[in-house]
Amino acid sequence: MTERLEGEAGLSRAAELLRAGELVAIPTETVYGLAADARNGTAVAGIFEAKGRPRFNPLICHLPSLEAASDIGVFDGAALALAQAFWPGPLTLVVPRRASSGLSPLVTAGLQTVALRVPALPLAQRLLTAFGGPLAAPSANPSGKISPSTAEHVATGLAGRIAAVLDGGPAGVGVESTIVDCTGPAPRLLRPGGLPVEALEQALGAPLNRATPTNDTAPSAPGQLSSHYAPAKPVLLNAAAPPPGALFLAFGPGHETATANLSPSGDLREAAANLFTLLHRLDAMPGTAIAVAPIPNHGLGLAINDRLTRAAAPRG
Ligand code: TXA
Ligand code: MG
């Protein structure tokens, strides 16, 4: 059953559940987030499972301060200026990820960059401090449904699928944070949101590149894949066995000779948690291609197959 938490006792309980790798919906000033320990791949896979998300988009990591965020990502130039001007607040900054970040690759969808945010809601701040690490959290709604601005909305959509909801009252902003990509030559707006673009431009003293991708949540065609991790090696799907010279990424029992196995027990959540790590590992090994075993197309298997199909798509 999903616990309803509030007050001091609720805050400690939420931190305890998150430390144990459970999913907890948490209040922020924008919308309620479905939080998990961003360093725990199985916990992060649980986010996608609970939301019924058909693909693995990179997730925003929440920290209590710029100082804590600086352990995960690199802040200089515009990123530092914007963080200093608007954090805590409804602004997410995409910055280069530190090699020592400790994040599950599922959080960043295998990318070298990371989206970081310091929420302003005092209860969120206190939870992050009590938890003591990065929390990955997309909006706490089933995939395709509207974002939740109250604990009641969260319960309606996700009751029984997550460990708890921490009630912090209605979210004041009501729309997701504004996302700015600070990894290119000039800052670029990735998603309009709770912080007005005009305020960003005033702080920067220059217009923001507003060439927002038409769909911020996921590229829909192979041509839009440029920002997503794709192995250098060709990826072959639904392979019962690897062709000569290729590496074999297996799934399920009975594959003792495979190069690696996404989940020897056939657990889709474990496979999701391992996906990007193993693709990176095999990509760095000698071999002509990465052949991947068939993955059941239900539950998290949908998202795994979506990501694998993108990895196998013809390169431009
Ligand atoms: O207000 C919010 O931002 C809410 C609350 C809960 O904080 N969170 C939220 O998170 O909306 P999420 O995980 O749904 O946002 C994910 C979006 C992705 O769809 C993508 O647009 C962007 O953040 N994103 C994350 N990591 C990225 C990266 N490395 N590069 C580019 N975009 C990234
Ligand atoms: Mg959302």
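Residues numbered from 1 in each chain as written. Chains lettered and ligands numbered in written order. Predicted model: local features only at pLDDT ≥ 70, side-chain atom pairs only at ≥ 80, totals over all residues. Heavy atoms only, no water.

**Brief notes about the overall build of the chain**
The test is simple: Numbering of helices and strands runs from the N terminus, with a helix taken as a DSSP run of H or I at least four residues long and a strand as a DSSP run of E at least two residues long. The reference for a compact globule is 2.2 Å times residues^0.38; the radius of gyration itself is calculated from the C-alpha atoms. For the exposure calls, accessible area comes from a 1.4 Å probe over protein chains only, and a residue counts as buried if that area is under 20% of its type's maximum, exposed if over 50%, partly exposed in between. Every residue pair with non-hydrogen atoms within 4.5 Å of one another is taken to be in contact. Exposure was quantified through the Shrake-Rupley algorithm and a 1.4 Å probe, taking into account, for residues, occlusion by the shown protein chains and nothing else. His is not counted, nor are the chain ends, whereas Lys and Arg count as positive and Asp and Glu as negative. Charged groups are reduced to one reference atom each: NZ for lysine, CZ for arginine, CG for aspartic acid, CD for glutamic acid.
When helices and strands are tallied, the chain shows 10 helices and 14 strands. The globule rule puts the C-alpha radius of gyration for 316 residues at 20 Å, and the 20 Å found for the chain is close to it. With respect to the principal axes defined by its C-alpha atoms, the chain has extents near 55 × 50 × 35 Å. Evaluated residue by residue, the chain yields a buried proportion of 52% over its 316 residues. The contacts in the chain between residues at least 6 apart in sequence include a share of 67% that link residues at least 24 apart. Counting only carbon and sulfur atoms, one obtains 55% of the accessible surface of the chain, whose full area is about 13200 Å². The chain carries 22 positive and 23 negative side-chain charges, and their two centres are separated by 6 Å.

**Notes on helix H2 (residues 41-51)**
This is how the line gets drawn: Any N or O atom pair separated by 3.5 Å or less is treated as a polar contact, with the protein-specific requirement of one donor-capable and one acceptor-capable atom, and with residues adjacent in sequence counted only for side-chain atom pairs.
The buried fraction of H2 is high, at 9 of 11 residues. Residues of H2 that are buried include every one of Gly41, Ala43, Val44, Ala45, Gly46, Ile47, Phe48, Ala50 and Lys51, and no others. For H2, the side-chain oxygen to backbone nitrogen distance between the N-cap and Thr42 is 3.1 Å, and the N-cap itself is Asn40. Of the residues one or two after H2, Gly52 is the one with positive phi, at around 65 degrees.

**What about the pattern of salt bridges?**
We count it as follows: Put simply, a salt bridge is a Lys or Arg side-chain nitrogen that is within 4 Å of an Asp or Glu carboxyl oxygen.
Evaluation of the coordinates by the stated rule reveals 11 salt bridges. Among the ionic pairs, Glu8 bridges to Arg126, the shortest N-O distance being 2.4 Å. Taken together, the positions of Glu8 in helix H1 (residues 7-19) and Arg126 in helix H6 (residues 122-131) put the pair 118 residues apart, joining distant regions of the chain. With a relative accessible area of 39%, Arg126 lands in the partly exposed category. Residues Arg269 and Glu49 are paired through a salt bridge, measuring 3.0 Å at the closest nitrogen-oxygen approach. With Arg269 in helix H9 (residues 268-283) and Glu49 in helix H2, this residue pair connects regions lying 220 residues apart in the sequence.

**Quick look at the sheet that holds strand E1 (residues 3-5)**
For clarity, the threshold we go by: DSSP calls a pair of strands paired once it identifies at least 2 bridges connecting them. In this analysis, axes come from line fits to C-alpha atoms, helices being fitted only over the stretch in contact, and the angle between any two N-to-C directions falls in the range 0 to 180 degrees.
The strand order across the open sheet built from 10 strands is E1-E8-E2-E3-E7-E4-E6-E5-E9-E10, with neighbouring strands paired in mixed fashion. In this open sheet, the two strands that pair with only one neighbour each are E1 and strand E10 (188-191). Of the strands in this sheet, E1, strand E2 (24-26), strand E3 (33-37), strand E7 (135-136) and strand E8 (164-166) touch H1, which is tilted by about 130 degrees from E1. Here helix H7 (residues 151-158) sits on the sheet in contact with E1, E2, E3 and E8, set at roughly 170 degrees to E1.

**Thoughts on helix H10 (residues 300-312)**
Since one α-helical turn is 3.6 residues long, residues separated by three or four positions face the same way. Inclusion rule: Helix span, as expected, comes to 1.5 Å for every residue beyond the first.
In this model, H10 (13 residues) spans 18 Å end to end at C-alpha, consistent with the 18 Å of a helix rising 1.5 Å per residue. Burial within H10 is extensive, with 10 of its 13 residues counted as buried. Residues of H10 that are buried sit in contact with H2, strand E11 (235-236), H9 and strand E14 (290-292).

**Observations regarding the domain arrangement of the chain**
Put simply, the rule reads: The source of the domain bounds is an automatic or database domain assignment. Once two parts are brought into contact, the accessible area they lose, counted with a 1.4 Å probe and summed over both, makes up the buried area.
Along its sequence, the chain is carved into domain 1 (3-204) and domain 2 (235-312). Summarising the inter-unit geometry, the C-alpha centres of domain 1 and domain 2 are found 29 Å apart. The interface of domain 1 with domain 2 comprises 15 residues on the first partner and 14 residues on the second. Of the roughly 1300 Å² buried where domain 1 meets domain 2, counting both sides, 65% is carbon and sulfur surface. Taken together, domain 1 and domain 2 are joined by 2 salt bridges.

**Re the sheet that holds E11**
An order of E11-E14-E12-E13 is seen for the 4 strands of this open sheet, with the pairing classed as parallel. Each end of this open sheet is capped by a strand with a single partner; those strands are E11 and strand E13 (260-261). For strand E12 (residues 247-250) and E14, the ladder comprises 3 bridges, and the chain directions are parallel. When the sheet's bridge partners are listed, Leu247 is paired in E14 with Ile290.

**Concerning the packing of H2 against H9**
Operational definition: Here is the rule for angles: anything less than 35 degrees is roughly parallel, anything more than 145 is roughly antiparallel, 65 through 115 is roughly perpendicular, and the remaining ranges are oblique. Each crossing gets its handedness from the near helix: less than a right angle anticlockwise from the far helix is left-handed, clockwise is right-handed. By the convention adopted, Pro, Cys, Tyr, Trp, Phe, Met, Ile, Leu, Val and Ala count as nonpolar, Lys, Arg, Asp and Glu as charged, and the other residues, Gly among them, as polar.
Direction vectors running N to C along H2 and H9 enclose 115 degrees, while the axes themselves pass 8 Å from each other. With respect to H9, the element H2 is oriented roughly perpendicular. Relative to H9, H2 is oriented so that their crossing is right-handed. Seen from H2, the contacting residues are Gly41, Thr42, Ala45, Gly46 and Glu49; seen from H9, they are Arg269, Ala272 and Ala273. Residues that form the contact of H2 with H9 fall into these classes: 3 nonpolar, 3 polar and 2 charged.

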